[in-house]
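Okay, here's what each chain looks like letter by letter:
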Amino acid sequence: MPSNMEFKRISASPAPATGVREATQVAKLIDTTTCIGCKACEVACQEWNDLLGIDEAAGPAHIEFGSYQTQPDLTANFWNLIRFNEHVEKNTDGSESLRWLMAKDQCQHCAEPGCLEACPSPGAIVQYANGIVDFQQENCIGCEYCVTGCPFDIPRLNKRTKKVYKCTLCSDRVSYGLEPACIKACPTGCLQFGAKEQLVQIANRRVEQLKADGRPKAGVYDPLGVGGTGVIYVLEFADRPELYGLPKDPKVPRTITILKKVLKPLGSLAMAGALVGAVFHYLRFGRNEAPDLPKDEREEVKSS
Amino acid sequence: MNSSPLSPPAAGPLGQAEIAAIARKQEDVMVNDELIVRHKAGVRLAHWTLAVFFFLATLTGFVIYTPYFAGLAGVFGGGAMARFLHPWFSLGFVIGVAFLFGHWHARMMSEPGDQEWRKNFRSYMRYETELKDVGKYNAGQKLFFWSVILGASAFLLSGIVMWFPSSFHWSLRLLSYWAHEITFICFVVGVIYHVYMSTAAMPGTLRAMTRGTVTRAWARWHHPRWSREVSGKQK
């Protein structure tokens, strides 16, 4: 954990924040229209985070499944996966052609993280003042509540360490003023890193460009259901993010919020109330002592 | 059920060791004309097994239930250890419940006298009733028993989902969190009531689960029909 970054949120902690200073919200911009599928970002991610070794316990990696994609899914030691989504397009002459809709599958660094909301272990998930959501594995208890809380299905449990892992947005690099490793490796400039405010402007300009270029459905993916994300996309088909493997309208599961904010306090009250109730009952009614046996039955005892 | 009293001993009343030996194997028998065996040893063992495991599972569960109890994790070797131990403790609890279910389910069926007990619940709690038609277990104890069976089943089913969450669908996991939590709250409230009633509120009750026997006076007062059946006395 970078010691020079302040916290905005800490999981399962009565005192949530340590920072009072205003921090720039950082973000990563992924322009899926200029991704060429070179996978340099995947390599850079594995390199920087020292995830190169194949960890059998982490899940199926390097298996053949009929795709150019590196592996079928994210694993506990693979946090950044370029998805080669296959898309069939109708041409003007009626014929069909196949193309890829590239998408960078990774933690979205939600402004309102569902994982952090669900986490029961104090300090296992934190959100820095600059918006990065980070897992602190030393505090993780391996309950996988975060997996359920995440609307993007990102966190992965390592079966050997019983801890959950995901993209850190290179918080260790960012805390020293460096850009994330994937950004540094991208050869086309489809990945950019900086202040979110500025990146949204860049994204909007790019969308205008795409629309002028005959792609009317182009748009920015920055879903409001999770308060906006720290990873924003420029999509050619922004009306159908499912084509890219992105949920259409991701939301922090409200049932988890209600569970924590309503049911748990009510439950604690009920349990404490039962204890207090028992004490009051005792003070009011005392003990229900059994009286001695009636005389005739007692004599029966003696005579028998 | 063995409702006939033991034949009187040849020489004097039975000693402590002899009573304990009888209470190990037999139930619902009278010894020395003054004690009645309420729970044989197997039942007591199952009860205390599930009680101890319930206590351990509750403590490790509290670690995850609320961050205010996160410090308790240290007792079990940290949060990750508490998460690891919790399902195993719970399994011990469920096995204990299963044994008691096997032994008790037939005796916990509703009887005609239960209706009267339920009607008089308020005055029962105020110690103002003297109901004559109460068998070995009153309607409240039966309700507690069936609640435990229901609760343990809910704990088990939702617990399996939470033990191996990646094997189950997302919506089933959410449902399990709710089921587990609601069951937990109800269970703790029920257990507080159970422990209070069987210790502080009703003197002479706890020994039924420790030594296995109760006094005839206790049986006559709290479970008059059972006392009549077992002792063959008291018109």
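Comments concerning the overall build of chain A
Link 1 in the chain: Helix and strand counts for chain A come out as eight helices and eleven strands.
Link 2 in the chain: What you see for chain A is a C-alpha radius of gyration of 28 Å, clearly larger than the 19 Å of a compact globule of 304 residues, by over 25%.
Link 3 in the chain: Among the 304 residues that make up chain A, the fraction classed as buried is 39%.
Link 4 in the chain: Pairs at least 24 apart in sequence give 62% of the contacts found in chain A among residues at least 6 apart.

Topic: the overall build of chain B
Link 1 in the chain: Tallying secondary structure elements over chain B gives ten helices and three strands in all.
Link 2 in the chain: Listed N to C, the secondary structure of chain B is α-β-β-α-α-α-α-α-α-α-β-α-α in terms of helices and strands.
Link 3 in the chain: Along the longest, intermediate and shortest principal axes, the C-alpha atoms of chain B span 65 × 40 × 30 Å.
Link 4 in the chain: Per-residue burial for chain B yields a buried fraction of 29% across its 235 residues.
Link 5 in the chain: The long-range fraction of contacts in chain B, counting pairs at least 24 apart against all pairs at least 6 apart in sequence, stands at 58%.

As for the nonpolar core
Residues and elements named next belong to chain A.
Link 1 in the chain: Ranked by size, the top nonpolar core spans 77 residues in total, and within it Cys119, Ile125, Cys146, Cys182 and Ile232 carry the most contacts.
Link 2 in the chain: When residues of this core are assigned to their parent elements, the largest contribution, five residues, is made by strand E11 (residues 231-235).
Link 3 in the chain: When residues no more than four places from it in sequence are discounted, the contact partners of cysteine 119 are Ser11, Ala12, Ala124, Ile125, Tyr145 and Cys146.

Considerations on the sheet that holds strand E1 (residues 7-10) of chain A
All names here are of chain A.
Link 1 in the chain: Spatially, E1-E5-E6 is the arrangement adopted by the three strands of the open sheet, whose pairing is antiparallel. Looking at strand neighbours, the two that pair on one side only are E1 and strand E6 (133-135), the edges of this open sheet. For this sheet the average axis-to-axis angle between neighbouring strands, irrespective of direction, equals 25 degrees.
Link 2 in the chain: Direction of pairing for strand E5 (residues 125-128) relative to E6: antiparallel, over a ladder of three bridges. Paired with glutamine 127 across the two strands is valine 133, which belongs to E6.

Digging into the interface of chain A and chain B
Link 1 in the chain: With 39 residues of chain A at the interface, the matching set in chain B holds 40 residues.
Link 2 in the chain: Listed by contribution, the elements that provide at least two residues to the side of chain A that touches chain B are helix H3 (145-149), helix H7 (254-285) and helix H8 (295-303) of chain A.
Link 3 in the chain: No other element matches the 13 residues that H7(A) contributes to the side of chain A that touches chain B.
Link 4 in the chain: Here the side of chain A that touches chain B is built from residues that sort into 22 nonpolar, nine polar and eight charged.

Quick look at the sheet that holds E11(A)
All names here are of chain A.
Link 1 in the chain: The strand order across the open sheet formed by four strands is E9-E2-E11-E10, and the pairing between neighbours is mixed. Strand pairing shows two members of the sheet lacking a second neighbour, strand E9 (191-195) and strand E10 (219-221), which therefore form its edges. Across this sheet, the average inter-strand angle for adjacent strands is 25 degrees, counted without regard to direction.
Link 2 in the chain: Relative to E11, E10 runs antiparallel, the two sharing three bridges.

Considerations on the packing of helix H6 (residues 139-163) of chain B against helix H7 (residues 170-201) of chain B
The description of two packed helices rests on the angle between their axes and on the distance between the axes.
All names here are of chain B.
Link 1 in the chain: It is the contact of H6 with H7, at a shortest axis distance of 9 Å, that shows an interaxial angle of 150 degrees. What the angle tells us is that H6 and H7 run roughly antiparallel. Crossing handedness for the pair H6 and H7: left-handed. Mapping the contact onto sequence places Phe144, Ser147, Gly151, Ala154, Phe155, Ser158, Gly159, Val161 and Met162 in H6 and Leu172, Arg173, Ser176, Ala179, His180, Thr183, Cys186, Phe187, Gly190 and His194 in H7.
Link 2 in the chain: In terms of residue class, the contact of H6 with H7 is built from nine nonpolar, nine polar and one charged.

A short note on the domain arrangement of chain A
A common measure of how large an interface is: the accessible area buried when the components associate.
Link 1 in the chain: Taken domain by domain, chain A consists of domain 1 (7-252) and domain 2 (257-303).
Link 2 in the chain: One C-alpha centre belongs to domain 1 of chain A, the other to domain 2 of chain A; they are set 55 Å apart.

Observations regarding unusual backbone geometry
Glycine aside, negative phi is the norm for most residues, and most peptide bonds take the trans geometry.
Residues and elements named next belong to chain A.
Link 1 in the chain: Residue lysine 39 is not a glycine yet carries a positive backbone phi of 70 degrees.
Link 2 in the chain: With respect to the element layout, lysine 39 can be found in the loop between strand E2 (26-31) and helix H1 (40-48).
Link 3 in the chain: Of the residues examined, lysine 39 has 18 C-beta atoms within 10 Å and is grouped as partly exposed.
Link 4 in the chain: Backbone geometry at leucine 169 places phi at a positive 55 degrees, although glycine is not the residue there.
Link 5 in the chain: According to the C-beta neighbour criterion, leucine 169 is buried, with 28 such atoms within 10 Å.

Structural notes on the environment of A:Tyr282
Link 1 in the chain: Here A:Tyr282 shows up in helix H7.
Link 2 in the chain: A residue is classified by how many C-beta atoms lie within 10 Å of it, and A:Tyr282, with 13 of them, is partly exposed.
Link 3 in the chain: Taking the C-alpha atoms as reference, A:Tyr282 lies 75 Å from A:Thr34; in sequence the two are 248 residues apart.
Link 4 in the chain: Excluding its chain neighbours within four sequence positions, the residues that come into contact with A:Tyr282 are B:Ala200 and B:Ala201.

Let's talk about the packing of helix H2 (residues 41-65) of chain B against helix H3 (residues 79-104) of chain B
All names here are of chain B.
Link 1 in the chain: Between H2 and H3, the least distance of the axes is 7 Å, while the angle of their chain directions is 150 degrees. Taken together, the axes of H2 and H3 lie roughly antiparallel to each other. The two elements H2 and H3 meet at a crossing, and its hand is left-handed.
Link 2 in the chain: For the contact of H2 with H3, the residue count by class is 16 nonpolar, ten polar and one charged.

Describing the pairing of strand E3 (residues 81-90) of chain A
Residues and elements named next belong to chain A.
Link 1 in the chain: Bridge count for E3 against strand E4 (residues 96-105) is ten bridges, and the pairing is antiparallel. By the bridge assignment, histidine 87 is partnered in E4 with arginine 99.
Link 2 in the chain: Here E3 folds back onto E4 in antiparallel fashion, the turn holding five residues, of which glycine 94 has a positive phi close to 95 degrees.

What counts and what doesn't
Residues numbered from 1 in each chain as written. Chains lettered and ligands numbered in written order. Predicted model: local features only at pLDDT ≥ 70, side-chain atom pairs only at ≥ 80, totals over all residues. Helix = DSSP H or I, 4+ residues; strand = E, 2+ residues; numbered from the N terminus. Rg over C-alpha atoms; globule rule 2.2 N^0.38 Å. Buried ≥ 20, exposed ≤ 12 C-beta atoms within 10 Å, placed from the backbone. Contact = placed C-beta atoms within 7 Å. Core = buried A, V, L, I, M, F, W, Y, C linked by C-beta atoms within 7 Å. Pairing = 2+ DSSP bridges. Axes fitted to C-alpha atoms, helices over the stretch in contact; angles between N-to-C directions. Nonpolar A, V, L, I, M, F, W, Y, C, P; charged D, E, K, R; others polar. Parallel < 35°, antiparallel > 145°, perpendicular 65-115°, else oblique. Left-handed = near helix turned anticlockwise from the far one by under 90°. Domains from an automatic or database assignment.

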